[in-house]
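# Commentary on secondary and tertiary structure
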Amino acid sequence: MGSTMAVWARKLIAVRSELLRAILLLSLGAYAGVGCAASEVEYQLGVGDIIRVTAFQNPDLSQEVRVSESGFISYPLIGRVELGGLAISVAEQKIAGLLKDGGFIHQAQISILVKQNIGNQVSVLGHVGRPGRYPLETFTTKLSDILANAGGVATSGSDVVILVGTRDGKPFRKEIDISGVFIKNQLADDILLRGGDEIYVDRAPMFYVYGEVQRPGSYRIEKNMTVMQALAQSGGPSMRGTQRGLKIFRRGVDGKTAEISPELTATVNADDVLYVRESLF
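Residues numbered from 1 in each chain as written. Predicted model: local features only at pLDDT ≥ 70, side-chain atom pairs only at ≥ 80, totals over all residues. Heavy atoms only, no water.

Each helix and strand counted, the protein has 5 helices and 15 strands in total. Residues classed as buried in the protein amount to 32% of the 281 residues present. Considering only residue pairs separated by 6 or more positions, the protein has 54% of its internal contacts joining residues 24 or more positions apart. Carbon together with sulfur atoms contributes 56% to the accessible area of the protein, which is approximately 17,200 Å² in total. (Helix = DSSP H or I, 4+ residues; strand = E, 2+ residues; numbered from the N terminus. Buried < 20%, exposed > 50% of the residue type's maximum accessible area, 1.4 Å probe, protein only. Contact = heavy atoms within 4.5 Å. Areas by Shrake-Rupley, 256 points an atom, 1.4 Å probe, with all protein chains shown as cover.)

The terminal C-alpha atoms of helix 2 (residues 88-101), which comprises 14 residues, lie 20 Å apart, in line with the 20 Å expected from a rise of 1.5 Å per residue. Taken as a whole, helix 2 has its buried residues at Ile88, Ala91, Glu92, Ile95, Ala96 and Leu99. Buried residues in helix 2, looked at end-on, bunch into an arc of 130°, giving them a common side. Within helix 2, the exposed residues directed more than 90 degrees away from the buried face are Gln93 and Asp101. Of the surrounding elements, those touching the buried residues of helix 2 are strand 1 (50-55), strand 3 (72-75), strand 4 (79-82) and strand 5 (110-116). Count one or two residues on from helix 2 and you reach glycine 103, which has phi positive near 75°. (Expected span 1.5 Å × (residues − 1). Arc of directions from axis to C-beta.)

Next up on the list: the side chain of serine 238. Relative to the helices and strands, serine 238 is located in the loop between helix 5 (227-233) and strand 13 (247-251). Leave out the neighbours within four places in its chain, and serine 238 touches Glu212, Val213 and Gln214.

Another point: the nonpolar core. By size, the foremost hydrophobic cluster in this structure holds 22 residues, and its most contacted members are Ile73, Tyr75, Ile95, Leu99 and Ile110. Ranked by size, the runner-up nonpolar core spans 18 residues in total, among them Val122, Tyr134, Leu143 and Ile176. (Core = buried A, V, L, I, M, F, W, Y, C linked by side-chain atoms within 4.5 Å.)

Okay, the sheet that holds strand 8 (residues 157-167) next. One open sheet accounts for 5 strands, arranged 7-6-10-8-9; its pairing is mixed. Each edge of the open sheet carries a strand with a single partner, namely strand 7 (132-135) and strand 9 (170-177). Strand after strand, the sheet turns through a mean of 20° between neighbouring axes, direction not considered. Where strand 6 (residues 121-126) lies against strand 10 (residues 198-203), 4 bridges are found, and the strand directions are parallel. Within the sheet, the bridge partner assigned to glycine 126 lies in strand 10 and is valine 201. (Pairing = 2+ DSSP bridges. Axes fitted to C-alpha atoms, helices over the stretch in contact; angles between N-to-C directions.)

This is the structure in structure tokens:
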């Protein structure tokens, strides 16, 4: 009886040991996965970046250097080191490893600070509050983040933004409805940006009104705007005007202008010219 209980006790201890080992391996795997995910979103050094490399307790090895066009820096004792495209933590480990492998410092503690972010910038052009070049502080920066930094889309700007760049070494172009990202919950269109991307906001589509209206001029076309809504934008017909006989002059794809007699519920197109004539009675 006693020997049987001892056998079962040893088996129980073995099972518990295997269970603890499995939990430990799963924990290490999860930790490694978190580390990989962190390195994917961490800032990656780009061409032209100016960085400060600091070696703890080794002031002679602290240098301010520039990442060359080929992605290399020149560093004391170990010479040329390729850092372009590496996350900062990976670059720190690489320099420390080279110093150790070269027999210079056994346990080097290296830190890198980006002084000027040049290699990872995006350009924002067109109808925004502040056109210009903006740095990507992290690789989780989205289109909406950079547009906010640029002062947002101007009142004269279109709801559709054009994004061009490269993805996987191939040219990339996408038209994105910014309002749809938030109003229609199309969050997938709020794209993660990459260094070298260019964002262009075109002028908003316009229509024009002249003739017997309260406020002739040019106006922004809202989505699915009808002729009646367009007339309302201009204040409607004047005391001498009439909705009867309303005309739209519309340019076709062939460049020729056609004269149309629209219904009030018809949709207005970009660059339409509405003419409200004078009432005869």
